[in-house]
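# Breakdown of the fold
Residues per chain, in single letters:
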Amino acid sequence: MSLLLQFRAYSLPFRAPVRTAHGSWAVRTGVIVRLEDPATGHVGWGEASPVPGFGSETVEADAGLLRTLGAQPGEGDLARIPPGLPCLRRALATAIAALTTDSPPEVGAFLPVAALLPAGKEALATVPSKAEAGFRTFKWKVGVGAAGDEIALLDDLCARLPDGARLRLDANGAWDRRTAERWLERCAERPVEFVEQPAFARPAPGQASDPKVNDLLLGLAGDFPTPLALDESLAGDGDVERWLGAGWPGVFVVKPALHGDLETALTQLARVKAAVVFSSALETAVGMRSALRTAFAWQAAQTPEKPRALGFGVGPLFADDRFNGPAAAPFLYREDVERLNPEAVWNALS
């Protein structure tokens, strides 16, 4: 059976540049995919949104392969996307699944959300309004400025948190061993839920990961009481299995948009009851709807007593509100996810 394939690339400015250890990020690029089954008229949507710095494919590579597929690819053609294009594989898998699956929303289901704080001193001024809105989990981007300056801010930031709140630190792989040790020494006995990706390096050609960084992360996880989380280290298919095999004791941050074989990764994590946090890849409403559906499905299947807050407290992301997912709020309801309209995003790109 042939399907009707269309795609539209996008280049959208953020409402405000996103500052991380990788630099300032002002424009999001990606590809929206539309698949239609001519026999039923059903339409499925997907989004390929590679993240700079994670080492996956480029938007140009995704668009180039989609052009080669043509307007009426067979299902076999869609199933043979190269492993080196995981974001495109996820986009097409999502669209294909939507052609045959029409599950009703879980009305009333909701999950907590972490508030994203700006880097540097701006975080101090942001916490009170976020706390007043009801957030109790906060994520602070570190590794952006000088380590000494950021470490000096930690106690002031913790003092502004409401009672019972938790803070996540996200270094985006910026630290060396000594810097990571300084931070983790300071985090002890403070309300830090976990430190995300203290170190990272792109693997050399032919390697799945960097052995030195892997050893560093495992060593830090064993030497300090504050839990660590993997993010950039989980960018490729097989990474979850590799870290489970290494005995990773910490949290797995899963960005569904980046995993070509997401189903296998989640099955492996569920089997060992791993600590999982679902996170945004700063995608449009199309990719966010798919990622959040995955998060709600995981919650329904795993039913932890106290689910960890989603890493989706990022909106509104884009200057053009037509492309935004749900606005950042302390809780996200399944109804909010189902109200997201991929066709509206598609039409806005025409």
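Please refer to the structure higher up on the page.
Attention here is on the structure that accompanies the text. The shown structure was predicted, so the numbers you read here are calculated from the model rather than taken from an experiment.

Another aspect to go through is the overall build of the protein chain. Counting its regular elements, the protein chain contains 12 helices and 12 strands. Over its C-alpha trace the protein chain gives a radius of gyration of 20 Å, about what one expects of a compact globule, namely 20 Å for 350 residues. The C-alpha extent of the protein chain, read off along each of the three principal axes, is 60 × 45 × 35 Å. The burial tally for the protein chain puts 52% of its 350 residues in the buried class. Once local pairs closer than 6 in sequence are excluded, the contacts in the protein chain between residues at least 24 apart make up 69%.

Below, the discussion takes up the pattern of salt bridges. A complete count under the given rule lists 18 salt bridges for this structure. Between Arg 334 and Glu 338 there is a salt bridge; the shortest N-O distance is 2.9 Å. With a gap of 4 residues between them, Arg 334 and Glu 338 both fall in helix H11 (residues 334-338), about one helical turn apart. Residue Arg 334 is classed as buried on the basis of its relative accessible area, which comes to 6%.

All right, on to helix H4 (residues 122-133) then. With 12 residues, H4 extends 18 Å between its outermost C-alpha atoms, agreeing within 8% with the 16 Å of an ideal straight helix rising 1.5 Å per residue. Of all the residues in H4, the buried ones are Ala 123, Leu 124, Thr 126, Val 127 and Ala 131. One side of H4 holds all its buried residues, which, seen down the axis, span an arc of 160°. Facing away from the buried surface of H4 by more than 90 degrees, the exposed residues are Ala 125 and Glu 132. Its buried side turned inward, H4 meets strand S4 (110-117), strand S5 (137-141) and helix H5 (147-160). Just past H4, the residue Gly 134 takes up positive phi, approximately 115°.

Running from N to C, H4 and H5 point in directions that differ by 10°, and their axes come no closer than 9 Å. With respect to H5, the axis of H4 lies roughly parallel. Contact residues: Ala 123, Leu 124, Ala 125 and Val 127 in H4; Leu 153, Asp 156, Leu 157 and Arg 160 in H5. Considering only residue class, the contact of H4 with H5 consists of 6 nonpolar, no polar and 2 charged.

Quick look at the packing of aromatic side chains now. Following the criterion strictly, the structure yields 9 aromatic pairs and no others. Geometrically, the ring pair formed by Phe 14 and Trp 25 is edge-to-face, given 5.4 Å between the ring centres and 90° between the ring planes. Highlighted residues: Phe 14 in strand S1 (residues 4-20) and Trp 25 in strand S2 (residues 23-36), separated in sequence by 11 residues. When the ring of Phe 278 is compared with that of Trp 298, the centres are 5.8 Å apart and the planes differ by 70°; the resulting orientation is edge-to-face. Here the residue Phe 278 occupies a position in strand S10 (residues 275-278), and Trp 298 occupies one in helix H10 (residues 285-302), the gap between them amounting to 20 residues. Taking the relative accessible area as the measure of exposure, Phe 278 reaches 4% and is therefore buried.

Now for H10. One turn of an α-helix holds 3.6 residues; hence residues three or four places apart share an orientation. For H10, with 18 residues, the first-to-last C-alpha span of 25 Å sits near the 26 Å given by 1.5 Å per residue. Counting buried positions over the 18 residues of H10 gives 13, a clear majority of the element. Immediately beyond the C-terminal end of H10, within one or two residues, lies Thr 303, with a positive phi of roughly 45°.

Another point: unusual backbone geometry. At the junction of Gly 315 and Pro 316, the peptide bond is cis and its omega measures out at 0° in the coordinates. One non-glycine residue, Glu 189, lies in positive phi territory at about 65°. Structurally, Glu 189 is set in the loop between helix H6 (177-187) and strand S7 (192-196). Positioned with a positive phi, Lys 273 is a non-glycine residue whose angle comes to about 55°.

About the cut-offs
Residues numbered from 1 in each chain as written. Predicted model: local features only at pLDDT ≥ 70, side-chain atom pairs only at ≥ 80, totals over all residues. Heavy atoms only, no water. Helix = DSSP H or I, 4+ residues; strand = E, 2+ residues; numbered from the N terminus. Rg over C-alpha atoms; globule rule 2.2 N^0.38 Å. Buried < 20%, exposed > 50% of the residue type's maximum accessible area, 1.4 Å probe, protein only. Contact = heavy atoms within 4.5 Å. Salt bridge = Lys/Arg side-chain N within 4 Å of Asp/Glu carboxyl O. Expected span 1.5 Å × (residues − 1). Arc of directions from axis to C-beta. Axes fitted to C-alpha atoms, helices over the stretch in contact; angles between N-to-C directions. Parallel < 35°, antiparallel > 145°, perpendicular 65-115°, else oblique. Nonpolar A, V, L, I, M, F, W, Y, C, P; charged D, E, K, R; others polar. Phe/Tyr/Trp six-rings, centres within 6.5 Å; stacked < 30°, edge-to-face > 60°.

By themselves, these figures tell us nothing about what the structure is for.
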